[in-house]
Each structure stands twice: as structure tokens, then as C-alpha cells.
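# Architecture at a glance
Below, each chain spelled out in residue letters.
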Amino acid sequence: MKEFPKDFLWGGAIAANQAEGAWNEDGKGPAISDVYRNGIVGGHFDGEVHEEHFYASHEAIDFYHRYKEDIALLAESGIKCFRTSIAWSRIFPNGDEEEPNEKGLQFYDDLFNEILKYGIEPVITISHFEIPLNLILKYDGWKNRQLIGFYERYARTIITRYKDKVKYWMNFNEINHFHTIPLAAGGILIKDEEQKLQDIYQASHHVFVASALAKKLCHEISPDAKMGCMLSLSPIYPHTCNPDDIFDSYELRRRSLFYSDVMIRGYYPSYAKRIWKEHGISVVMENGDLELIKENTVDYLGFSYYRSSTHKAGMPILGNTGGIIGLENPYLEKTEWGWPIDPKGLRYVCNELYDRYQIPLFIVENGYGGRDEIDENGEIHDDARIDYIRKHLIQLQEAIEDGCEVIGYTWWGPIDIVSAGTGEMEKRYGYIYVDKDNDGNGTLERRKKKSFGWYKNVIETDGRALYERNVKK
Ligand code: BG6
């Protein structure tokens, strides 16, 4: 019988803006996530809050006030680590202050204490789709080099404050979504399509410098802590064996791997030079930037995996929170939200990444977004979700057998949270149900789903339960 390593970090992952709510409490400033209506993909952003509109993130699941109850439930499920993010605008409300907001810092002290109380390891994303709004409106986001200084101050503040509590950090969430969801992932507003690539690569350079500084600070302030990068790395398959489709898919993949190439290897890959030349891109760098990037590569590669996509030469590049949107793959079934289900793709990606980088991999997001029904006995039998996770974990175990060093796996949204892409509550990922609908109605009561006991059993048995037919409730 196969087993996962004994020290494997089984966990769950959320993001501050999708769970906490309390969007303007205790000195928190507005973040971009607070002004989106209907999610970051195809939703509406005008940089303002209008009283007549509903914003799902403003209350979210009220984790800010209910975290003790939620952490207790999560601890009961047996998780070994818990990933969340720090809302940057709780610490620096406008992003550009000299001094941090003590109440914001205190909240995360309390939260991390609660997590640690149960022997759970916090895994913390420094910036997860929730950059302070002011940094976009006043400074034009990451296009502006000043952002490096603001991020450095923020990173220094939190790494110093939580050095005894947090040992796993990640610099930016899904930073390779710069091309498809530039505002949320990359913190830039694209105002001119013709300038888009220029802006993306300039902003990316600033992000690379900021990430290197964060890694440097992390090792100076908290020598036993690790700093990872985090990308969305669902694979892209060529739609046919036509060499045009194969090479185009390879190039598209490089748009994602560009970010890990720089942050892990420490230098710009040679293929970037051709892209920059052909598109007339000139990236402004300062003396010392490239050395800093070279000397401060990340310790591990965190990534999300939801699905795979297929690509045909010349087709437009579209994407959402799950990755690139591709053509129909006749071999795969889909979730209710149309995301192709491809467990073997996870094994493929782990091998692809480990072959390329040989540094520890951490799957920090994977999960099934679907609707849930409460039956007449008050139970939720989320078998489709269990089936999805089970098949992915079996493939992950195969990847470990293949020789990939995988340090952990965090179930995306172990407790139902607001969907980042669509702003819906009813696109649920959790093994803990939260009573709230898309319009904000509900008691916010928490309730265990069938998958709760199932995952607990998987963790307790180091994965052996994945091969059991009869799933415990
Ligand atoms: C990832 C994000 O892109 O996908 C998460 O890091 C997000 O924030 C997750 O929630 C799932 O996407 P969605 O749109 O279903 O919430």
C-alpha cells in the first residue's frame, strides 16, 4: 500500500480577501478586491465603492470575527498546515504610509497564535490579489518602481513581527496571471492595449526585484524560514500533433514559466530577449537589480493546479482563475463551472517542474468548485468533490514515486469562501459549508460536509484511505 511521507504538509488554503470580510474595520484601507463587483474575471472595477451595490468580499464569511471557531473546525479535520494571506491594506491601509497599523498587525498575531495552538503550520502569502487600492489609483501599481519600496517595507514589517510564528512565506499569489488577469494578479491597470506587453514586462521586473528583497529579508530576519514563489501552473497541451500547435503551446507555457524561471534560476531566460525584441519592449532596470535577483532565488515553488487546457496555434490567449482557457478536450469531464478535470495533469506538471528546477514543490491550491445541496437529514454528500480530490491525490502520490520532491498539499477553500473569479458564494470548494448565498443572505452557520471526514481519514492514514472504496462520513 502506498503512503505519503510522514512529514507531508497536508493542509487547507484560503486568502484574506475571500474570507475575512471586515473590509473597513480596525483601520483597514480599501484593497482592489473590495471594489470589484462580481469577481476579478469579467467583473466590474471602477476603483470606487458604491453604496447601492453588493460587494461579496465586504463581509465574505466573516472569518475576521469567527476565525477561532473556523480554526477549531479545521484543526479537527487534522490538517498540518494552513495557508492564508495577510491583507496588505490592514497593515498599510494606503500602502504608502511610513508606520503600520497596529490593529491590523495584532489581528494576524492573534490568528497565527490560534493556528499554532493546534500545532498547525501557518503558510502565508504576502500579496494575494488584494493590493491596497491607493497603490493602483495614485501610483499606477507595479508599473511604478516606487512599489518596490512600499512592498519591501510591508514585507519587512510582517516578517519581523511574525518571525517566531511563520516559517513558510510566499511572495505573490499566481504572479504568472499577469497576462490574463493583470489587475488582480499583477497590480496593473491596462489602459492601452498597445502598451500592454511593455507594461507587463516592466511591472514584472519590479515584482522580481521586490521578491528578491523579500527573500533576502526573510533569510536575514528569520533564518530558518523559507520564501517561496507561487504560480498558477495548470498545464497547456497542444490541441493536435501539428508542430505549429506544439510550438505555440510551448511558447504559451513559457509565459507562465518565465516567472518561475527568473525567481528560481535567478536570471532572465534567453527566450525573453526575443519576445522583447520582437515586441519593441525595453525594460528599465537599475544597477544592482540583476545581482539582487541572482543572489536571492526562492526556496520552493508553490503552485495552484485546477485543470489542464489545450491550445491551438494562433488562438487568442484567454484565461481565468483556473489558468488558460483552452479548447474542448474530448478526454476530460468538466466541473459545473466548465473546468476540465484532469488528475493526471497534476502528475505531469509535478514532473515537468521538478525536471526543470529540482527544488521542493508545494501544491498550495487544488480543489473542486461546485454547488452543494443540504438533504433532509441536514447532510451534504459532496461525492463529486471527494472524487476530484481523491483522483488528484493519487496522481500526486505517483509524482512523488516518480521522484518529485513534494512537501505538501493544501486543499483550496477547505471552508467555503467567496470565489475570486466570479464573486459567487455558491461556487463552493469547502469540506466545511458556510450558510450564505450569492446575494449575501444566510446565517453564516458552519456545517461539515461528507468530505470533511473523508479528508481527515486521508490525512490520518498518510494517504492510505485514498484506496478505500467505502468512504467514512
Ligand atoms: C486561484 C486563486 O486563481 O484560483 C484563488 O489563487 C481562487 O484566489 C482560486 O479562489 C479558484 O478560483 P475561483 O474563481 O473559483 O475562486
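Located above this text is the structure these notes cover.
Attention in this report is confined to the structure presented alongside it. (Residues numbered from 1 in each chain as written. Predicted model: local features only at pLDDT ≥ 70, side-chain atom pairs only at ≥ 80, totals over all residues. Heavy atoms only, no water.)

## Some thoughts on the pairing of strand β14 (residues 406–412)
Formally: Relative accessibility decides the category of a residue: with a 1.4 Å probe and only protein chains considered, values under 20% of the type maximum give buried, values over 50% give exposed, and everything between is partly exposed. Numbering of helices and strands runs from the N terminus; a helix is a DSSP stretch of H or I covering at least four residues, while a strand is a stretch of E covering at least two. When DSSP locates at least two bridges between a pair of strands, those strands are taken to pair. If the strands point away from the viewer and the path from the first strand over the helix to the second runs clockwise, then the crossover is right-handed.
Among the seven residues in β14, seven count as buried, and that is most of the element. Here strand β1 (residues 9–13) pairs with β14 via five bridges, running parallel. In the strand pairing of β14, tryptophan 10 is matched with tyrosine 409. Bridging between strand β13 (residues 361–365) and β14 involves three bridges; their strand directions are parallel. Directly across from isoleucine 363, in β14, lies its bridge partner tyrosine 409. Considered for its hand, the β-α-β crossover made up of β13, helix α13 (residues 383–402) and β14 is right-handed.

## Some remarks on the sheet that holds β14
Rules: Helix axes use the C-alpha atoms of the stretch in contact, all axes being lines fitted to C-alpha atoms, and the angles between their N-to-C directions lie in the range 0 to 180 degrees. In this description, contact between two residues means that some pair of their heavy atoms is separated by no more than 4.5 Å.
Taken in spatial order, the eight strands close into a barrel running β1-β4-β5-β6-β7-β9-β13-β14, and their pairing is parallel. Taken pair by pair, the neighbouring strands of this sheet meet at an average axis angle of 25°, ignoring direction. Sheet topology note: the strand β5 (residues 121–125)/strand β6 (residues 168–170) ladder contains three bridges and is parallel. When the bridges of β6 are listed, isoleucine 124 appears paired with tryptophan 169. Along the sheet, helix α9 (residues 243–265) contacts β7 (226–232) and β9 (300–304); its crossing angle with β7, the most-contacted strand, is approximately 165°.

## Things to note about the layout of surface pockets
Put simply, the rule is: Cavities and pockets were defined on a 1 Å grid built over protein atoms only: a cavity is a set of grid points that admits a 1.4 Å probe from which the probe cannot escape, a pocket is an open set flanked by protein on both sides within 12 Å along at least five of seven lines, and lining residues are those with an atom within 4 Å of any such point. Grid points are joined across faces, edges and corners, and a volume is the space filled by probe spheres set on the points. All amino acids are sorted into three groups, where Ala, Val, Leu, Ile, Met, Phe, Trp, Tyr, Cys and Pro are nonpolar, Asp, Glu, Lys and Arg are charged, and the leftover types, Gly among them, are polar.
For the largest pocket, the calculated volume is near 450 Å³. Forming the walls of the largest pocket are 15 residues, and the residues nearest its centre are Glu251, Arg255, Ile275, Glu278 and His279. Taken together, the elements giving at least two residues each to the lining of the largest pocket come down to α9 and α10 (270–278). The element that contributes the greatest number of residues to the lining of the largest pocket is α9, accounting for five residues. A class-by-class count of the residues in the lining of the largest pocket yields six nonpolar, three polar and six charged.

## Side note on the packing of aromatic side chains
Put simply, the rule is: Between 30 and 60 degrees the pair is tilted, below 30 it is stacked and above 60 it is edge-to-face, where a pair is any two Phe, Tyr or Trp rings, Trp via its six-membered ring, whose centres lie within 6.5 Å.
Considering all chains together, one arrives at 40 aromatic pairs under this definition. Taken together, a centroid distance of 5.4 Å and an interplanar angle of 80° make the contact between tyrosine 306 and tryptophan 339 edge-to-face. Placement of the pair is tyrosine 306 in the loop between β9 and β10 (309–311) and tryptophan 339 in the loop between β12 (323–325) and α12 (343–357), with a sequence separation of 33 residues. An identical accessibility class is assigned to tyrosine 306 and tryptophan 339; each is buried.

## What to know about the site of the ligand
Our working rule: If a single non-hydrogen atom of a residue is within 4 Å of a molecule or strand, that residue counts as near it. Residues adjacent in sequence count toward polar contacts only when both atoms are side-chain atoms; beyond that, a polar contact is any pair of N or O atoms within 3.5 Å, and within protein one must be able to donate a hydrogen and the other to accept it. Only the protein chains shown count as cover for residues, with accessible areas throughout obtained via the Shrake-Rupley method and a probe of 1.4 Å.
Of all residues adjacent to the ligand, which total 15 residues, the nearest are Gln18, Glu174, Thr321, Lys427 and Tyr429. One of the side-chain nitrogen or oxygen atoms of histidine 128 is found 2.9 Å away from an oxygen atom of the ligand. If the ligand stood free it would expose 380 Å²; the protein chains cover 100% of that surface. Partitioning the shell around the ligand into residue classes produces six nonpolar, six polar and three charged.

## Observations regarding unusual backbone geometry
Positioned with a positive phi, aspartate 26 is a non-glycine residue whose angle comes to about 50°. Looking at the element boundaries, aspartate 26 is found in the loop between α1 (16–19) and β2 (36–37). Judged by its relative accessible area of 34%, aspartate 26 falls in the partly exposed class. If you check the backbone angles, asparagine 38 has positive phi at about 65° while not being a glycine. Relative to the helices and strands, asparagine 38 resides in the loop between β2 and β3 (44–45).

## Quick look at the nonpolar core
What counts is decided by this rule: Joining through side-chain atoms within 4.5 Å is the link that ties buried Ala, Val, Leu, Ile, Met, Phe, Trp, Tyr and Cys residues into a set, and such a set is a nonpolar core.
Judged by nonpolar contacts, the single largest core of 144 residues is most densely connected at Trp142, Trp169, Leu301 and Phe303. Of the residues forming this core, the biggest block, 13 residues, is contributed by helix α8 (residues 196–221). The contact partners of leucine 301, leaving out residues within four places of it in the chain, are Cys229, Leu231, Leu233, Ser260, Ile264, Leu353, Tyr357, Ile359, Pro360, Leu361 and Phe362. Residues Cys81, Val123, Tyr168 and Met230 belong to the second largest nonpolar core, which totals ten residues.

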